Amino acid sequence: MAGGFRRGNRRTPKLEARGELQSLEREGPFKEWLGMPDLYRYHLVVDGEAYSYQTEDPEVPVAVGDRVVFRYREIKAGNWVDRRSLGKAIDPSDYQ
């Protein structure tokens, strides 16, 4: 059999969430190790579900009340938003 083909070991697709941002809290800055930029942790509540987001930016591109969309993964510590996936959800019906 040819090498490089994986049969049954498939990667699970990323989870995606979309909804209204109800709460946004920032913690930080944190220094993980010397030479690394400051990290900020954000605690988001979207449609009643809690998520955590970690980034180097002191501000996020969304505000409370915005409709947001993002990819996330479920771990033991909670739901973690993937880096650079948080943004405003665009509804085409609003632009007519």
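Up top is the structure these notes are about.
Residues numbered from 1 in each chain as written. Predicted model: local features only at pLDDT ≥ 70, side-chain atom pairs only at ≥ 80, totals over all residues. Heavy atoms only, no water.

Novice: So what about the pattern of salt bridges? Which residues, and what values?
Specialist: Across all of its chains, the model carries 8 salt bridges by this definition. With a shortest N-O distance of 3.0 Å, Asp82 and Lys14 are connected by a salt bridge. Taken as a pair, Asp82 in the loop between strand 5 (78-81) and strand 6 (87-88) and Lys14 in the segment before strand 1 (15-30) lie far apart in primary sequence, 68 residues in all. (Salt bridge = Lys/Arg side-chain N within 4 Å of Asp/Glu carboxyl O. Helix = DSSP H or I, 4+ residues; strand = E, 2+ residues; numbered from the N terminus.)

Novice: I'd like a description of the pairing of strand 2 (residues 39-46), backed by residues and values.
Specialist: With 7 bridges connecting them, strand 1 and strand 2 associate as antiparallel partners. In the sheet register, Leu21 faces strand 2, and the bridge partner there is Val46. Strand direction decides the pairing type here: strand 2 and strand 3 (residues 49-55), joined by 7 bridges, are antiparallel. Paired with Val46 across the strands is Glu49, a residue of strand 3. (Pairing = 2+ DSSP bridges.)

Novice: How would you summarise the packing of aromatic side chains if you had to cite specific residues and measurements?
Specialist: Enumeration over the complete set of coordinates arrives at 4 aromatic pairs. Where Tyr42 meets Tyr53, the ring centres are 6.4 Å apart and the plane angle is 35°; that geometry is what we call tilted. Linking Tyr42 in strand 2 with Tyr53 in strand 3, this pair joins segments that are 11 residues apart in sequence. Residues Tyr42 and Tyr53 agree in their burial class; the two are buried. Measuring from centroid to centroid gives 4.8 Å for Tyr51 and Phe70, while their planes differ by 75°, and the two rings are edge-to-face. In this pair, Tyr51 sits in strand 3 while Phe70 sits in strand 4 (residues 67-75), placing the two residues 19 residues apart along the sequence. Summarising the burial analysis for this pair, Tyr51 and Phe70 share the class buried. Grouping aromatic residues by their ring pairs yields a cluster made of Tyr51, Phe70 and Tyr72. (Phe/Tyr/Trp six-rings, centres within 6.5 Å; stacked < 30°, edge-to-face > 60°. Buried < 20%, exposed > 50% of the residue type's maximum accessible area, 1.4 Å probe, protein only.)

Novice: Go over the nonpolar core, please, and point to the residues and values.
Specialist: Counting 15 residues, the largest nonpolar core has Leu44, Tyr51, Tyr53, Val68, Phe70, Val81 and Leu86 as its most contacted members. Sort the elements by how many residues they give to this core and strand 2 lands first, with 4 residues. Not counting residues up to four positions away in its chain, the partners in contact with Val68 are Ala17, Arg18, Gly19, Leu21, Val46, Val62, Leu86, Gly87, Lys88 and Ala89. (Core = buried A, V, L, I, M, F, W, Y, C linked by side-chain atoms within 4.5 Å. Contact = heavy atoms within 4.5 Å.)

Novice: Would you mind going over a negative patch on the surface in detail, with residue names and values included?
Specialist: Together, Glu20, Asp47, Glu49 and Glu74 make up a negatively charged patch on the protein surface. Along the chain, Glu49 falls in strand 3. (Patch = residues over 30% accessible without salt bridge, like charges linked within 9 Å, V, L, I, M, F, W, Y side chains within 5 Å. Areas by Shrake-Rupley, 256 points an atom, 1.4 Å probe, with all protein chains shown as cover. Lys, Arg positive; Asp, Glu negative; His and termini not counted. Charge placed at Lys NZ, Arg CZ, Asp CG, Glu CD.)

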